[in-house]
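Listed below, chain by chain, are the residues.
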Amino acid sequence: MDEPKFKAIKYAIKKKGGILKLTAELFEDTAANVMAYINKWIAKKTKATRNAMILKVLNAMTAGKEVVISTIDSLKDVFNVSLDPAIATSSMVITNQSGYNYLDKLKDADGKYILQPNPTMATQMLLFGKKVIKSTEIKTGEAVTGYKHPVYIGDLKEAITLFDRNVMTIDMNDKAAGLWEKDMTGIKVRDRFDVQPVDEAAVIKGEITENVAG
């Protein structure tokens, strides 16, 4: 049998973080559990930061190799031809809200929608039996005549690796410079990680072009 091929993957841990400043009155006068809300808000921000880094790497990996998605057959070509069969079996689909809306309205020759609910998880949709995950739409205020909606197809666990150096840390301090005098508490959040490509053949970026009537 063929021998597996290995390559060295270099990564450099990057520190992301920020400081929230809250007044003492907020803690004293609010009946609700403020810290529970803050912790939930921080978790969402951390997830968004990591997802943004992952998408940045995916875009760099697929730059110049984007595939036009315009029909159901062009989607099938990605799964049946472009992806390695071993990757296709474990693949998923990631797109933004507009891309999802396009896929959600596609119908086959019998007039049936190609996106179908997962029978084991009603809130999850399947495309040819593959899990579809929606990303967040990024909007600009510029006037445009059309859009290109990204559709990432493949096995992201094979395509990239997230090197997590440390679990997210949250520190609180009300004695630091400028805080004690103003009756404020500083909440410092730190997250250390890096994202690197591993197998560029494990993911394909498709682009759905949508023209805007003007």
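Look a little higher up for the structure.
Residue numbers restart at each chain and count upward from 1, following the sequence in its written direction. Where local features are concerned, this predicted model is filtered to residues with pLDDT of at least 70; where side-chain atom pairs are given and counted, the filter is 80 or more; whole-chain, interface and lining totals use all residues. The side-chain numbers reported here are obtained from all heavy atoms of the structure, hydrogens and water having been left aside.

Re the packing of aromatic side chains
Part 1 of the reasoning: Each Phe, Tyr or Trp ring (for Trp, its six-membered ring) is paired with any other whose centre lies within 6.5 Å, and the angle between the two planes then decides the class: stacked below 30 degrees, edge-to-face above 60, tilted in between. Throughout the structure, instances matching the rule amount to one aromatic pair.
Part 2 of the reasoning: Ring geometry for Y11 and F163: centres 3.9 Å apart, planes at 5 degrees, overall stacked. In this pair, Y11 is assigned in the segment before β1 (14–23) and F163 in strand β8 (residues 160–173), connecting sequence segments 152 residues apart.
Part 3 of the reasoning: The lysine or arginine in question, R50, covers the ring of F193, its NZ or CZ lying 4.9 Å from the ring centre. Runs of H or I in DSSP of at least four residues are treated as helices and runs of E of at least two as strands, each being numbered from the N terminus. Two thresholds decide whether a charge sits over a ring: the Lys NZ or Arg CZ must be within 6 Å of the ring centre and within 35 degrees of the ring normal.

Things to note about the environment of T46
Part 1 of the reasoning: The residue T46 is located in helix α2 (residues 34–62) in this model.
Part 2 of the reasoning: Each C-alpha atom, one on T46 and one on P117, is 29 Å from the other, the two residues being 71 residues apart in sequence.
Part 3 of the reasoning: Look past the residues within four positions of T46 in its chain and what remains in contact with it is M168 and D191. The contact criterion used is simple: two residues touch if any of their non-hydrogen atoms lie within 4.5 Å.

Considering the sheet that holds strand β9 (residues 184–197)
Part 1 of the reasoning: Read from one edge of the open sheet, three strands run β1-β9-β8, paired in antiparallel fashion. With one partner strand each, in any of the chains shown, β1 and β8 form the two edges of the open sheet. The average angle at which neighbouring strand axes cross in this sheet is 15 degrees, direction not considered.
Part 2 of the reasoning: Only strands that DSSP links by at least two bridges are regarded as paired with each other. Summarising the sheet, β1 and β9 pair through ten bridges and their orientation is antiparallel. In the strand pairing of β9, T23 is matched with M184.
Part 3 of the reasoning: Here the axes come from fitting lines to C-alpha atoms, over the contacting stretch only for helices, and the angles between their N-to-C directions go from 0 to 180 degrees. Along the sheet, α2 makes contact with β1, β8 and β9, crossing β9 at roughly 25 degrees.

Some points on the side chain of T62
Part 1 of the reasoning: Relative to the helices and strands, T62 is located in helix α2.
Part 2 of the reasoning: Think of it in three bands: residues with accessible area under 20% of the maximum for their type are buried, residues over 50% are exposed, and the middle band is partly exposed, with areas taken using a 1.4 Å probe on protein chains only. With a relative accessible area of 4%, T62 lands in the buried category.
Part 3 of the reasoning: Polar contacts, as counted here, are pairs of nitrogen or oxygen atoms within 3.5 Å of one another; within protein the pair requires one atom able to donate a hydrogen and one able to accept it, and residues that are adjacent in sequence qualify only if both atoms are side-chain atoms. A distance of 2.8 Å separates a polar atom in the side chain of T62 from the backbone oxygen of L58.
Part 4 of the reasoning: Leaving out residues up to four positions away in the same chain, T62 has contacts with V203 and K205.

Just geometry here; none of it tells us what the structure is for.
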